[in-house]
Amino acid sequence: MHLQSIGKEMIYMKVTICVGSTCHLLGSKRVVDRFKELVAEHNLSDKVELGGKFCMGHCGEGVCVTIDGTTHSIAPEAVDELFNKEVLTKV
Amino acid sequence: MNDLCIDSGYISLIKAGEQLCGDRVVFAADDGTAICVLADGLGSGVKANILATLTSQILATMSAGGMSVEECVNTIVRTLPECSVRKIAYSTFTIVKIRDQRYVELTRFDNPHTVVLRDGRNFDFAYAPRMIEGKKIYESKFEAQENDVLVVMSDGAIYAGIGEEYAFGWERENIIRFLEAHYSPDLTAKQIARMLASECNRLYHGRPGDDTSVAVMRLCRRRTANMMIGPPSSRGLDNLMLGEFFAQTGTRIVCGGTTNKIAARYLGSELTASLDYADSDLPPIYNLPGVDLATEAVVTISRVLEYADEYLSGTRLSASWEKGRDGASRIARELFDPATDINFFVGCAMNPAHQNPKLSLAFGVKFQLIDRRSKSLEQMGKRVSVRYY
């Protein structure tokens, strides 16, 4: 139990944002910038790793953001909502 | 035929207060002969521009068609409109013809003497005068060597700084000294032209007293750049396309996310994407060991085209792509300057994402881009080949 909770402290969340053509045109840069700001604001830089990602073939309505293996397609305005729901509650 | 090629470039500065340049530089090529014509129309502004444009186009077209100097001058004298003030039809000109990357023929009428640098030092050559249609034409012939640089100027260059920095203007001797001092074998024709024109502009205190043009031709070794863009129309063609791409010598550039993925698989190396935006409007470049440059495709290449238009317009002293770390600037630096032969490997797979109406991408955007870019590069004097898969 003790060990597991230590393990939990060390949990490292990987957030990758697609930088392919479609996502770029739909606003990847704004999503990246907002994620960087939120991670800094919440002092999560040692727990959340941000990275770039290539097209996974889910091009559509929004920018593809993958959090721990699950891909979300979001508008640049929806970053805060996604961050609060999928990142803040899990780290 | 040797394995040299001719790199050419020019810069024209417009006389302060004018909208149009009264000098005109035209490059043309025909069947192993490279041609450069620099014409300087009488006066400045619209009238000079029309005279210089007519003169340079007529001379370039006729010279490329193999017509003699007499025929060219004859045509000019009979076709140019007369100046209503001065009652003469007049535009000075210099014609440079380089056959088989070796035999140089210079024909000059009232323009400053062309400067030739051989291994960075002034190379003196003889001129013989001849009267054609009452005009005194100077002609010269010599054999060029690798690294020879021919610098053709309008008189705005030699008069730069007149009455200010220099009593009689900059003069040819000083220009030779400047070129010798700043010469480096890896400077491209365009860079040499820009360097000299910038100095003239400085001597004019940023307000040129006359249209000033510098056109440069340089003999250099051929260099190849290869660019692959888009996955092939069917998976079965992957290995064919990649095999042919990686069999080439020269620089290798891979554009497109999926294209980079299949290249990574072929090479067995790891492809990574960073979030480092060197330019906020362009996706970051990728990293793929085994190729010289890996980037996104359509957005980046659209920007490369803007840079190509800027390069071809020839009136800017500084180029935005010369220092940028973004993918488009880096592609421009590889393709515009050192490369003489460019091979495109274009995969024809349809990208369903490009059909998204939210993206404002034109139908068949990739092919339009390749087509427009091949044309721009050909205008820069490059040999372009395109293979589709």
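Conventions used here
- Residues numbered from 1 in each chain as written.
- Chains lettered and ligands numbered in written order.
- Predicted model: local features only at pLDDT ≥ 70, side-chain atom pairs only at ≥ 80, totals over all residues.
- Helix = DSSP H or I, 4+ residues; strand = E, 2+ residues; numbered from the N terminus.
- Buried ≥ 20, exposed ≤ 12 C-beta atoms within 10 Å, placed from the backbone.
- Contact = placed C-beta atoms within 7 Å.
- Nonpolar A, V, L, I, M, F, W, Y, C, P; charged D, E, K, R; others polar.
- Pairing = 2+ DSSP bridges.
- Axes fitted to C-alpha atoms, helices over the stretch in contact; angles between N-to-C directions.
- pLDDT = per-residue confidence, 0-100.

Section: the overall build of chain B
Next up, step 1: Looking only at helices and strands, chain B features ten helices and 18 strands.
Next up, step 2: The proportion of buried residues among the 389 residues of chain B is 46%.
Next up, step 3: Within chain B, counting contacts between residues at least 6 apart in sequence, those at least 24 apart form 72% of the total.

Notes on the interface of chain B and chain A
Next up, step 1: Listed by partner, the interface residues are 18 residues for chain B and 17 residues for chain A.
Next up, step 2: Of all the secondary-structure elements, those providing two or more residues to the side of chain B that touches chain A are helix 7 (257-267) and helix 8 (298-313) of chain B.
Next up, step 3: By residue number, the principal contributor to the side of chain B that touches chain A is helix 7 of chain B, which donates three residues.
Next up, step 4: Here the residues of the side of chain B that touches chain A are counted per class, giving ten nonpolar, five polar and three charged.

Some points on the sheet that holds strand 7 (residues 121-122) of chain B
Residue and element names in this part refer to chain B.
Next up, step 1: Pairing in this open sheet of five strands is antiparallel, and the strands run 1-11-10-6-7 from one edge to the other. Both outer strands of the open sheet, strand 1 (4-13) and strand 7, are each paired with one neighbouring strand and no more.
Next up, step 2: Inspection of the sheet shows strand 6 (residues 115-118) paired to strand 7 by two bridges, in the antiparallel sense. Bridge pairing in strand 7 places leucine 117 opposite asparagine 122.
Next up, step 3: The sheet strands contacting helix 4 (residues 171-182) are strand 6, strand 7 and strand 10 (149-153), and the helix crosses strand 6 at an angle near 30°.
Next up, step 4: Contacts between helix 5 (residues 189-203) and the sheet are confined to strand 1, strand 10 and strand 11 (212-221), with strand 1 contributing the most and set at about 25° to the helix.

Comments concerning the sheet that holds strand 3 (residues 63-67) of chain A
Residue and element names in this part refer to chain A.
Next up, step 1: Read from one edge of the open sheet, four strands run 2-1-3-4, paired in mixed fashion. Either end of the sheet is taken by a strand with one partner, and the two such strands are strand 2 (48-53) and strand 4 (70-74). Adjacent strand axes in the sheet meet at a mean angle of 25°, parallel and antiparallel pairs treated alike.
Next up, step 2: Here strand 1 (residues 13-18) runs beside strand 3; their pairing, made up of three bridges, is antiparallel. Following the sheet pairing, isoleucine 17 is matched in strand 3 by valine 65.
Next up, step 3: Contacting strand 1, strand 2 and strand 3, helix 3 (residues 28-41) crosses the sheet at an angle of about 155° to strand 1.

Quick look at the environment of B:Lys136
Residues and elements named next belong to chain B.
Next up, step 1: Examined against the element boundaries, lysine 136 turns out to sit in strand 9 (residues 135-143).
Next up, step 2: Residue lysine 136 is classed as exposed on the basis of its C-beta count, with 11 C-beta atoms lying within 10 Å.
Next up, step 3: Between the C-alpha atoms of lysine 136 and phenylalanine 109, which are 27 residues apart in sequence, the distance is 6.7 Å.
Next up, step 4: If we ignore the near neighbours within four places in the chain, the residues touching lysine 136 are Pro129 and Met131.

Focus: the confidence of the model for chain A
Next up, step 1: For chain A, the average pLDDT comes to 84, and 88% of its residues sit at 70 or higher.
Next up, step 2: Every residue in residues 1-8 of chain A scores below 50 in pLDDT, and together they form zero contacts with partners more than four places removed in sequence or on other chains.

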